[in-house]
Amino acid sequence: MLNFVARIGADLSAAAPRLVTGLVLSIAGLYLPGMPNLAQAADGVIEEVIVTAQKRNQNVQDVPISITALTAAEIERRNVEDVLDVAYKTPGVVGALQAGVPSFVIRGIGTNDFGSAADPAVGIYLDGVYTARTVASLIGLYDAERIEVIKGPQGTLFGRSAAAGAISVISRKPDATREFSAKLEYGNYDHTRVLASANLPLSDTAFLRVAALSHQRDGYIENKINGDELGDVDDKGVRAALRLLPADNLDITLSADYIKSDTLGVGLRSATIVGYPGTGTSKFDDVAHDITDPVSELENMGASLHAKLDLTDQLSLTSITAYREYEFTILEDDDGSFVELLATGTLPEQSDTFSQELRLDWSGEHFSWMLGASYFQEDISVDGIAQSNLDVLFGPGSGGAFDERSYSSGDYTSYSIYADVTVELSERTTLIAGLRWSYDEKDFELFVPPNPAIGVNLLFGGVDPQAQLDEDWDSVQPRAVLQYRPAKDVMTYISAARGYKTGGFGSFELQPPFDPDYVWYYESGVKSSLADGTMQLNAAVFYYDYEDLLVTPQVGLALQTTNASEASGQGAEVEMLWLPTPALSLSASVAYLDAEYDKFLQGELDPFTFLPTTTDRSGNTLTRAPEWQYNLGAEYDLQLGNLGVLTIGTEYVFQSEVFFHTANDDFRSQDDYGLLAARIALTAPDGGWQVSLFGENLLGEDYLIDAGGLAEVLLSPTTLAGPPMTFGVELEFNL
């Protein structure tokens, strides 16, 4: 532990210049002429934030888990539009788009297998309902009450696919308040975003809430061949919830949501096939794609029934019944060039899920428990396509352009029972123990027909007969927490938990089934409220040890997931929120991570000889696991009398170097960078309207969010640039 602390100190010294720069950039904009002295004594206290990470309402400061909670006000102030934005702005979390599909990594733990026969390591939940595929997590964060980012394995509380943690989105519930709000935004790249919501009490016991979203934006990367703007946005969605209180002890909410996203996909850029007029030489210039009709279209919908029955003053029964489905169609230019080398997609991918959860909760003065059971079932089918040209691959006259297909379908079922017990051992000490048993069964069919022109399926990996595979796994996931309060406003804890992610199959070509991976996770932390409630200071240190870690190296043009690795990680996180005056708030958070492969022999194809080879990646850093991340924020409220309140806020987000590949090479990496955001808002004295100016990446930082790609084995590795500077104006009305 002493070596660990010493290493943090040394690395912090090296990072100090960037830390100071970020602090200056975040706060400098607040010291405007005529502002009062910001060092005056504070009278206000930090508002309490209620979360449900432990399946019951608790002050976030009382929860012995590392958790970052974004309230509705923070979601607006920080320009958070989707779950990927949450990842970008939460230390310890990394988000990215891979093959048009979002992926998430928490404290170095994630997955890059976006196929239908594998599961994610980070669970995404909408109002307690699990979204089986990360592509279905692009639900649009409109009318959200809060977002909870819960770090570390959450098997006992959240169940399947939460080995790394969970991102939980909680929508606003209908209530007895009659209100209407509308928000209109316009910005560069022809950004247009309209949101509206209404809450209508139908009677004393029935309430309706409806929200809608329309969001369009041009892309920021031009395809010079046809003028398409890649990286665009075109989302339309609606959400409705009906809440009924038929009895004093019964609360029922029926909700439904629908969103459609129809875009041209992302702008991958080849690093080796260059020279098309107008595309320049930088990784961040425009591109030239031979695929001139790309598509990335998602239809995502669902419905759920939440019911809570209070059986006694202490005992309640909760039921969550849900159905979700999506259809995802994508075709993108994987080689990122004007040469007809490689394009892949799904035409389409379809998923239907049904889930049921039942939970009994008993709460006493010094003892409480929770007992639950859950059922989950998914039907998924994927019509995969890959396109290339034999003349490009093997020379003129070899056969021209061709398509190859991969057809798969899966029927997946999961059952679990779980319990969680909280016992007050003394006035200061609390013991929490939990246990979940999970059973997962997967039936999977795969058919990869041969290319009739050459007799084999070149792009999906040889000749695979039609295969019918089935496997099942079960797992026990314990959790134990010892919580101690040395003072009224200080809580400390130490915890241990086991995480589990289900096994699966190769999604696009036949390969042996892979087993689940497991992680033991240890954490110790402190949460404190200081300075008469005007400061919160939280910290945590953690260590994890991975067994049978699932990795997905690219072998040829195929992604093959195997239990090939052992890995471990250790780190520390600190979060601070301070109100030095009632008008000024300062926030800071920093995350340190040291995560590496302890044992990893990676099989792959040599890109020059195309012969199988094995490379020892032991000791390399885990992918998308930056050593340092920090956020610095400041916000000031200036009272303008009858004009209202002028709020000025800035945020600086920093991330150190990340690797996009297990090889840890320079090309498939991104050096450290920082993004500056700002928002200035004028709010009416009665809160009836607000006018805001906002901006993201205001320093115009160039950075990559991915590098490498499927076509690198064809000697066309690609890069994907992050969003450029964006800014706009927002008008909001509240009635």
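A. Geometry of the overall build of the chain. In terms of helices and strands, the chain carries five helices and 41 strands. Here the contacts in the chain between residues at least 6 apart in sequence split such that 66% fall between residues at least 24 apart. Accessible area for the chain stands at about 29,700 Å²; split by element, carbon and sulfur atoms hold 58% of it.

B. Looking closely at the sheet that holds strand β39 (residues 704-708). Ordered in space as β17-β40-β39, the three strands form an open sheet in which the pairing is antiparallel. The open sheet has two edge strands with one neighbour each: β17 (269-270) and β39. Bridge count for β17 against strand β40 (residues 718-721) is two bridges, and the pairing is antiparallel. Note that in β40 the partner of arginine 269 across the bridge is threonine 719.

C. The packing of aromatic side chains, seen in detail. Per the counting criterion, the structure on display carries 21 aromatic pairs. Centre to centre, the rings of tyrosine 130 and phenylalanine 376 are 5.5 Å apart; their planes meet at 70°, and the pair counts as edge-to-face. Of this pair, tyrosine 130 sits in strand β7 (residues 129-131) while phenylalanine 376 sits in strand β21 (residues 367-389), and the two are 246 residues apart along the sequence. According to the relative accessible area criterion, tyrosine 130 is buried, its value standing at 7%. Taken together, a centroid distance of 6.2 Å and an interplanar angle of 40° make the contact between tyrosine 630 and tyrosine 652 tilted.

D. Representation of the side chain of serine 296. Mapping serine 296 onto the fold places it in strand β18 (residues 295-310). Apart from the residues within four sequence positions on either side, serine 296 is in contact with Ser261, Asp262, Thr263, Gly265, Phe328, Thr329 and Ile330.

E. Representation of unusual backbone geometry within the structure. Look at the link from leucine 347 to proline 348: it is a cis peptide, with omega at -5°. Unlike most non-glycine residues, aspartate 127 shows phi in positive territory, near 50°. Structurally, the position occupied by aspartate 127 is in the loop between β6 (122-126) and β7.

F. Main features of the pairing of strand β22 (residues 401-424). In the sheet, β21 pairs with β22 via 23 bridges, with the strands oriented antiparallel. Looking across to β22, one finds that phenylalanine 376 is bridged to serine 414. Of the pairings in the sheet, the one linking β22 to strand β23 (residues 429-448) comprises 18 bridges and is antiparallel in character. Within β23, the residue paired with serine 409 across the bridge is glutamate 445. Between the antiparallel neighbours β22 and β23 lie four residues.

G. The nonpolar core, seen in detail. With 37 residues, the main nonpolar core has Phe104, Ile109, Ile147, Ile167, Tyr544, Tyr546 and Leu622 as its most contacted residues. Put simply, the parts of the chain that give this core at least two residues each are α3 (83-88), β5 (101-106), β6, β8 (144-151), β9 (165-171), β26 (517-530), β27 (535-551) and β31 (584-605). The biggest single contributor to this core is β27, with five residues. Ignoring sequence-local partners within four residues, the contact set of tyrosine 544 consists of Arg107, Gly108, Ile109, Val519, Trp520, Tyr521, Ala567, Ser568, Gly569, Leu593, Ala595 and Leu622. Among the nonpolar cores identified, the runner-up in size contains 26 residues, and Ile380, Val382, Leu459 and Leu710 belong to it.

H. Inspection of the sheet that holds β7 at higher detail. Ordered in space as β3-β8-β9-β6-β7, the five strands form an open sheet in which the pairing is mixed. Here the strands that pair on one side only, and so sit at the sheet edges, are β3 (67-71) and β7. Neighbour-to-neighbour, the strand axes of this sheet turn through a mean angle of 20°, independent of strand direction. In this sheet, β8 lies alongside β3 in antiparallel orientation, the contact comprising five bridges. Counted as the bridge partner of threonine 68 is valine 149 from β8.

I. Quick peek at the pattern of salt bridges. Within the structure shown, the criterion is met by 34 salt bridges. The salt bridge involving arginine 359 is made with aspartate 361; its shortest N-O contact spans 3.2 Å. By relative accessible area, which is 16% here, aspartate 361 ends up buried. Measuring nitrogen to oxygen at the nearest pair gives 2.9 Å for the salt bridge that ties arginine 405 to aspartate 383. You can see arginine 405 sitting in strand β22 and its partner aspartate 383 sitting in strand β21, a full 22 residues away along the chain. Through salt bridges that share partners, Glu76, Lys183, Arg679 and Glu730 make up one connected network.

J. Layout of the pairing of strand β20 (residues 343-363). In this structure, strand β19 (residues 315-333) lies alongside β20, joined through 18 bridges in antiparallel fashion. Directly across from leucine 315, in β20, lies its bridge partner tryptophan 362. In the sheet, β20 pairs with β21 via 19 bridges, with the strands oriented antiparallel. From the neighbouring strand, alanine 343 faces β21, where its bridge partner is glutamine 387. Count of turn residues in the β20/β21 antiparallel hairpin: three residues.

K. Summary view of the environment of glycine 128. When you line up the elements, glycine 128 lands in the loop between β6 and β7. Accessibility expressed as a relative area gives 28% for glycine 128, which makes it partly exposed. Placed 76 residues apart in sequence, glycine 128 and threonine 52 show a C-alpha to C-alpha distance of 9.6 Å.

L. Spotlight on a nonpolar patch on the surface. A contiguous nonpolar patch, built from Leu184, Tyr186, Val194, Ile680, Trp689, Val691, Leu693, Val729, Leu731 and Phe733 and spanning about 810 Å² of accessible area, is present on the exposed surface. Elements supplying a minimum of two residues to the nonpolar patch: β10 (179-187), β38 (689-696) and β41 (726-734). Along the chain, the position of leucine 184 falls in strand β10.

Parameters at a glance
- Residues numbered from 1 in each chain as written.
- Predicted model: local features only at pLDDT ≥ 70, side-chain atom pairs only at ≥ 80, totals over all residues.
- Heavy atoms only, no water.
- Helix = DSSP H or I, 4+ residues; strand = E, 2+ residues; numbered from the N terminus.
- Contact = heavy atoms within 4.5 Å.
- Areas by Shrake-Rupley, 256 points an atom, 1.4 Å probe, with all protein chains shown as cover.
- Pairing = 2+ DSSP bridges.
- Phe/Tyr/Trp six-rings, centres within 6.5 Å; stacked < 30°, edge-to-face > 60°.
- Buried < 20%, exposed > 50% of the residue type's maximum accessible area, 1.4 Å probe, protein only.
- Core = buried A, V, L, I, M, F, W, Y, C linked by side-chain atoms within 4.5 Å.
- Axes fitted to C-alpha atoms, helices over the stretch in contact; angles between N-to-C directions.
- Salt bridge = Lys/Arg side-chain N within 4 Å of Asp/Glu carboxyl O.
- Patch = residues over 30% accessible without salt bridge, like charges linked within 9 Å, V, L, I, M, F, W, Y side chains within 5 Å.

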